[in-house]
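The chain contents come next:
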Amino acid sequence: MAQKTLADIQQEVDDYISQFKEGYFSPLALMARMSEEVGELAREVNHSYGEKRKKADEADNSIEMELGDILFLLSCFANSLDIDLTEAHNKVMDKFNTRDKNRWTLKNAEQ
């Protein structure tokens, strides 16, 4: 499968949502849904890496699928507010590379 850019993902989500009269949910509804999905991700991480194991009758979800759900909702959220996720990512990376550039010890740092 070919690699997709964030722009590709946002466009694919917009093409999907644009088929429906209802369109995007409100920002508040999207935030609630994203919180719900993050909770589901936390549950899967806890099942995989924590002490709490799944019950025999629980759905067979995965961390991968929960991350995919979050990416879909993040794309919906960004699209509904006309935010370019690539540009948002670039701004955040610039912040990390300037404000936080000396916060962590580099692997190749001279000692």
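Up top you'll find the structure we're talking about.
Given the structure is predicted, the values throughout are model-derived calculations rather than measurements.

This part takes up the nonpolar core. In this structure, I9, V13, I17, L30, M34, L73, C76 and F77 together form the largest nonpolar core, which totals 8 residues. Of all the elements in the fold, those that place two or more residues in this core are α1 (6-17), α2 (27-49) and α3 (63-80). Other than its neighbours up to four places away in sequence, F77 contacts P27, L30, M31 and M34.

Before going further, it helps to examine the packing of aromatic side chains. One pass over the structure, following the stated rule, counts 2 aromatic pairs. A centroid spacing of 5.2 Å and a plane angle of 70° characterise the contact between Y16 and F20, whose relative ring orientation is edge-to-face. With a relative accessible area of 43%, Y16 lands in the partly exposed category. Plain terms: the ring middles of Y16 and F72 are 6.2 Å apart, the flat faces sit at 70° to each other, and that makes the pair edge-to-face. Placement of Y16 in helix α1 and of F72 in helix α3 is noted, with a sequence separation of 56 residues between them. Looking at F72, the relative accessible area reads 33%, which means it is partly exposed. Members of the aromatic cluster, joined through ring pairs, are Y16, F20 and F72.

The rules behind the values
- Residues numbered from 1 in each chain as written.
- Predicted model: local features only at pLDDT ≥ 70, side-chain atom pairs only at ≥ 80, totals over all residues.
- Heavy atoms only, no water.
- Core = buried A, V, L, I, M, F, W, Y, C linked by side-chain atoms within 4.5 Å.
- Buried < 20%, exposed > 50% of the residue type's maximum accessible area, 1.4 Å probe, protein only.
- Helix = DSSP H or I, 4+ residues; strand = E, 2+ residues; numbered from the N terminus.
- Contact = heavy atoms within 4.5 Å.
- Phe/Tyr/Trp six-rings, centres within 6.5 Å; stacked < 30°, edge-to-face > 60°.

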